[in-house]
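Summary of the model geometry
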Amino acid sequence: MKNTVATFKEAKEKGIKLTMLTAYDYSFAKLVDEAGIDGILVGDSLGMVALGYENTLSVTIDDMIHHIKAVRRGAENALIVGDMPFLSYHISVEDSIKNAGRLVQEGGCHAVKLEGGIEVLDKVKAIIKAQIPVMGHIGLTPQSVNMLGGFKVQGKSKEQIKKLIDDAKYLEEAGVFSIVLEAVPDEVAKIITESISIPTIGIGAGKYCDGQILVINDMLGLFSDFTPKFVKRYRNLGEEIKSGILEYIEDVRGGKFPEDVHSFKLNKEISDEIKK
Ligand code: KIV
Ligand code: NA
């Protein structure tokens, strides 16, 4: 079944949990899509897990387009959401519409996601007016890492909780189809989830959210620089991959690879000919 922003909203009405993962390239998008995920986020976490930057601030709109295109080619049924990177929606409303439009028009995603609440409302509304569905993202917003003083749990004080609840309501009123809640206490996520009619997608936000998302490299053990508390490691593919590579190195050095089955053979006539 093809997922759309409409199927996301329906899922909440029916009480069906939504599933999302990130992907950044064709092969992973295909695997995630074939497994039946509801939505794929081409996150700007790309910068950290695929490009090796220390945070997400270096990712550009062109980086995003490049990877969204690859994911789009691999995914048939998942709703594809493209992250708007740092500075692509911080300058002017016009700029923001243009950049969101590029992710859809050149990249091929179905919706865009941007971080923030009331501060970005004018941009959110303008992008939606341009007929591009928007996903919100509040709580720990990694593009604000320097303002927040690190990747820290948000929504622990009364003021922060009030702001999160208000932001969620403002975003809903502005017309976003869903909101990511990142690194907030589960009780706060519960209040927000119950106070809006659009689905909340949690990451480090507990079990009361309408859906969940994880960074695929984290949940499969493919990124070891650091692992947040909220990640469940479903596999340790990093180890698996490394042991395969070690075996390859040993095989090549020991003359065990390639074997005849991996090699191309001349027909006998030519073979005899060139030996002369
Ligand atoms: O970039 C990303 O992967 C994200 C998710 C963690 C929500 O924004
Ligand atoms: Na992101």
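Predicted model, so just to flag it, every value in this text is computed and none were measured.

Overview of the packing of helix H5 (residues 93-107) against helix H6 (residues 121-129)
At a minimum axis separation of 9 Å, H5 and H6 run at an interaxial angle of 50°. As the angle between them shows, H5 and H6 are arranged oblique. The chirality of how H5 crosses H6 is right-handed. Between H5 and H6, the residues in contact are Val-93, Ser-96, Ile-97 and Ala-100 and Asp-122, Lys-123, Ala-126 and Ile-127, respectively. Class assignment for the residues of the contact of H5 with H6 results in five nonpolar, one polar and two charged.

Structural notes on the sheet that holds strand S7 (residues 200-203)
In space, the eight strands of this closed barrel follow the order S1-S2-S3-S4-S5-S6-S7-S8, with parallel pairing throughout. On average, adjacent strands in this sheet sit at an angle of 25° to one another, irrespective of strand direction. Both strand S2 (residues 39-42) and strand S3 (residues 79-83) contribute to a ladder of four bridges, which runs parallel. Counted as the bridge partner of Gly-39 is Leu-79 from S3.

A short note on unusual backbone geometry
Put simply, Phe-257 and Pro-258 share a cis peptide bond, and its omega is 0°. Within the element layout of this structure, Pro-258 appears in the loop between helix H11 (237-253) and helix H12 (268-275). In this model, Leu-87 sits at a positive phi of 75°, which is unusual for a non-glycine residue. Take Leu-87: it is sitting in the loop between S3 and H5. Judged by local crowding, Leu-87 falls into the partly exposed class, with 14 C-beta atoms found within 10 Å. With phi around 75°, Gln-131 is a residue other than glycine that occupies positive phi space.

Some remarks on the UniProt feature "binding site: 3-methyl-2-oxobutanoate" (unreviewed entry) in the protein chain
Sites flagged by UniProt as "binding site: 3-methyl-2-oxobutanoate" (unreviewed entry) map to Asp-44, Ser-45, Asp-83 and Lys-113. Across 70 residues of sequence, these annotated residues stay compact in space, with a maximum C-alpha separation of 12.5 Å. Structurally, Asp-83 is set in strand S3. Beyond its immediate chain neighbours, meaning those up to four positions away, Asp-83 contacts Leu-41, Val-42, Gly-43, Asp-44, Met-64 and Lys-113. You can see Lys-113 is positioned in strand S4 (residues 111-113). Residue classification places Lys-113 among the buried residues on the basis of 25 C-beta atoms within 10 Å. What Lys-113 contacts, discounting residues up to four positions off in sequence, is Leu-41, Val-81, Asp-83, Met-84, Met-135, His-137 and Val-180.

Comments concerning the environment of Gly-206
With respect to the element layout, Gly-206 can be found in the loop between S7 and strand S8 (211-214). Along the backbone, Gly-206 and Glu-187 are 19 residues apart, and their C-alpha atoms lie at a distance of 8.0 Å. Every residue in contact with Gly-206, bar those within four places of it in the chain, is listed here: Asp-186 and Ala-189.

Notes on the nonpolar core
For soluble globular proteins, the rule of thumb is that nonpolar side chains tend to be buried together. In terms of nonpolar packing, the biggest core is built from 69 residues, with Ala-23, Ile-40, Val-42, Val-71 and Val-112 touching the most fellow members. Considering each element in turn, this core owes the most residues, six residues, to helix H4 (residues 61-74). With residues near it in sequence (within four places) discarded, Val-71 still touches Ala-23, Tyr-24, Asp-25, Ala-29, Ile-40, Val-42 and Ile-80.

About the cut-offs
Residues numbered from 1 in each chain as written. Chains lettered and ligands numbered in written order. Predicted model: local features only at pLDDT ≥ 70, side-chain atom pairs only at ≥ 80, totals over all residues. Axes fitted to C-alpha atoms, helices over the stretch in contact; angles between N-to-C directions. Helix = DSSP H or I, 4+ residues; strand = E, 2+ residues; numbered from the N terminus. Parallel < 35°, antiparallel > 145°, perpendicular 65-115°, else oblique. Left-handed = near helix turned anticlockwise from the far one by under 90°. Contact = placed C-beta atoms within 7 Å. Nonpolar A, V, L, I, M, F, W, Y, C, P; charged D, E, K, R; others polar. Pairing = 2+ DSSP bridges. Buried ≥ 20, exposed ≤ 12 C-beta atoms within 10 Å, placed from the backbone. UniProt positions renumbered as here; feature names shortened; annotations may be inferred. Core = buried A, V, L, I, M, F, W, Y, C linked by C-beta atoms within 7 Å.

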